[in-house]
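One letter stands for each residue in the lines below.
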Amino acid sequence: MKWTTLIFLLLLSFGVKAQVRIAGSPAEGYALTVDGEKVFIKGTCGSVTLEDTFGRATMGEAARRGANAYRTYSSDSITVARAVEAASRHGMYLMMGISLPKNPDCYRDEAFRQKM
């Protein structure tokens, strides 16, 4: 399931291998589980700087207010390293943004798909 893959990225910030599943059914509803325990994502998002001096929400501030997840909008290697370190420091799950072209015509081009 595509969401399982995305949710697994959240666990990378803890540096552990975990079994992530979407459990349930249409009749009873669905729940995200990590190693068999239900997890409720209480998250926010922010810039790639993560330590913002302009009064916007930072990962630390979000954690102090009860958030357990943070989503960034960039996936370059420097941002990933900083984000993983910050998420681990604040005990948060992390989901990294992945930059992809928004033009659907790109994905019909075989050469473009091969480069991805």
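These numbers were taken from a predicted model, which means no experiment stands behind them.

1. Focus on the overall build of the protein chain
Turning to step 1, where the next piece is worked out: Of the regular secondary structure elements, the protein chain holds 4 helices and 6 strands.
Turning to step 2, where the next piece is worked out: For the protein chain, the N- to C-terminal ordering of α and β elements is α-β-β-β-β-α-β-α-β-α.
Turning to step 3, where the next piece is worked out: Expressed as a percentage of the 116 residues in the protein chain, the buried residues total 29%.
Turning to step 4, where the next piece is worked out: Contacts spanning at least 24 positions in sequence make up 53% of the contacts within the protein chain whose residues lie at least 6 apart.
Turning to step 5, where the next piece is worked out: Accessible surface computed for the protein chain: about 8,000 Å², of which carbon and sulfur atoms make up 58%.

2. Re the pairing of strand E1 (residues 20-25)
Turning to step 1, where the next piece is worked out: Across 6 bridges, the pairing between E1 and strand E2 (residues 29-34) is antiparallel. By the bridge assignment for E2, Ala 23 is matched with Ala 31.
Turning to step 2, where the next piece is worked out: Connecting the antiparallel pair E1 and E2 is a turn made up of 3 residues.

3. Some details on the pattern of salt bridges
Turning to step 1, where the next piece is worked out: Evaluated as defined, the whole model comprises 5 salt bridges.
Turning to step 2, where the next piece is worked out: The residue Glu 85 makes a salt bridge to Arg 89 at a minimum N-O spacing of 3.1 Å. Here Glu 85 and its partner Arg 89 are both found in helix H3 (residues 77-90), 4 residues apart, which amounts to about one turn of the helix.
Turning to step 3, where the next piece is worked out: Its relative accessible area of 48% is what places Arg 89 among the partly exposed residues.

4. Re the nonpolar core
Turning to step 1, where the next piece is worked out: If you look at the biggest cluster of nonpolar residues, it comprises 10 residues: Met 59, Ala 62, Ala 67, Tyr 70, Ala 83, Ala 86, Ala 87, Met 92, Leu 94 and Met 96.
Turning to step 2, where the next piece is worked out: Among the elements of the structure, helix H2 (59-64) and H3 are those that each provide at least two residues to this core.
Turning to step 3, where the next piece is worked out: No other element matches the 3 residues that H3 contributes to this core.
Turning to step 4, where the next piece is worked out: Setting aside anything within four residues of it in sequence, one finds Met 96 in contact with Thr 72, Ser 74, Ser 75, Thr 79, Val 80 and Ala 83.
Turning to step 5, where the next piece is worked out: Counting residues in each nonpolar core, the second largest holds 7 residues, with Leu 32, Val 34, Ala 69 and Tyr 93 among its members.

5. Considerations on the sheet that holds strand E3 (residues 37-38)
Pairing between the strands of a sheet is mediated by backbone hydrogen bonds and can be parallel or antiparallel.
Turning to step 1, where the next piece is worked out: The 3 strands lie next to each other as E1-E2-E3, forming an open sheet whose pairing is antiparallel. For this open sheet the edge positions go to E1 and E3, each flanked by a neighbour on one side alone.

6. Some points on a nonpolar patch on the surface
Turning to step 1, where the next piece is worked out: On the surface, Ile 98, Leu 100 and Met 116 cluster together to form a nonpolar patch covering roughly 310 Å² of accessible area.
Turning to step 2, where the next piece is worked out: Examined against the element boundaries, Ile 98 turns out to sit in the loop between strand E6 (93-95) and helix H4 (110-115).

7. Focus on H3
Turning to step 1, where the next piece is worked out: The end-to-end C-alpha distance of H3, which contains 14 residues, comes to 20 Å, matching closely the 20 Å that a straight helix rising 1.5 Å per residue would cover.
Turning to step 2, where the next piece is worked out: Here the buried face of H3 lies against H2 and E6.
Turning to step 3, where the next piece is worked out: Just beyond H3, the residue with positive phi is Gly 91, at close to 65 degrees.

8. A short note on unusual backbone geometry
Turning to step 1, where the next piece is worked out: One non-glycine residue, Asp 35, adopts positive backbone phi at about 50 degrees.
Turning to step 2, where the next piece is worked out: Secondary-structure assignment places Asp 35 in the loop between E2 and E3.
Turning to step 3, where the next piece is worked out: By relative accessible area, which is 49% here, Asp 35 ends up partly exposed.

What counts and what doesn't
Going along each chain's sequence as written, the residues are numbered from 1 onward. It should be noted that, the model being predicted, local features are given only for residues of pLDDT at least 70 and side-chain atom pairs only at 80 or more, the latter also being counted only at that level, while totals for whole chains, interfaces and linings use all residues. Side-chain calculation: all heavy atoms of the structure are included, whereas hydrogens and water are not. For helices the rule is a DSSP run of H or I covering at least 4 residues; for strands it is a run of E covering at least 2, with both sets numbered from the N terminus onward. When accessible area is computed with a 1.4 Å probe and restricted to protein chains, residues below 20% of their type maximum are described as buried, those above 50% as exposed, and intermediate ones as partly exposed. Only heavy atoms enter the contact rule, under which two residues are in contact if any of them lie within 4.5 Å. Note on areas: Shrake-Rupley with a 1.4 Å probe; residue coverage comes only from the protein chains shown. We call two strands paired when DSSP finds no fewer than two bridges between them. For this analysis, a salt bridge means a side-chain nitrogen from Lys or Arg found within 4 Å of a carboxyl oxygen belonging to Asp or Glu. We call a set of buried residues a nonpolar core when its members are Ala, Val, Leu, Ile, Met, Phe, Trp, Tyr or Cys and they connect through side-chain atoms within 4.5 Å of each other. For patch detection, residues must exceed 30% relative accessible area and be free of salt bridges, and they are connected within 9 Å for like charges or within 5 Å for nonpolar side chains (Val, Leu, Ile, Met, Phe, Trp, Tyr). The span expected for a helix works out to 1.5 Å for each residue beyond the first.

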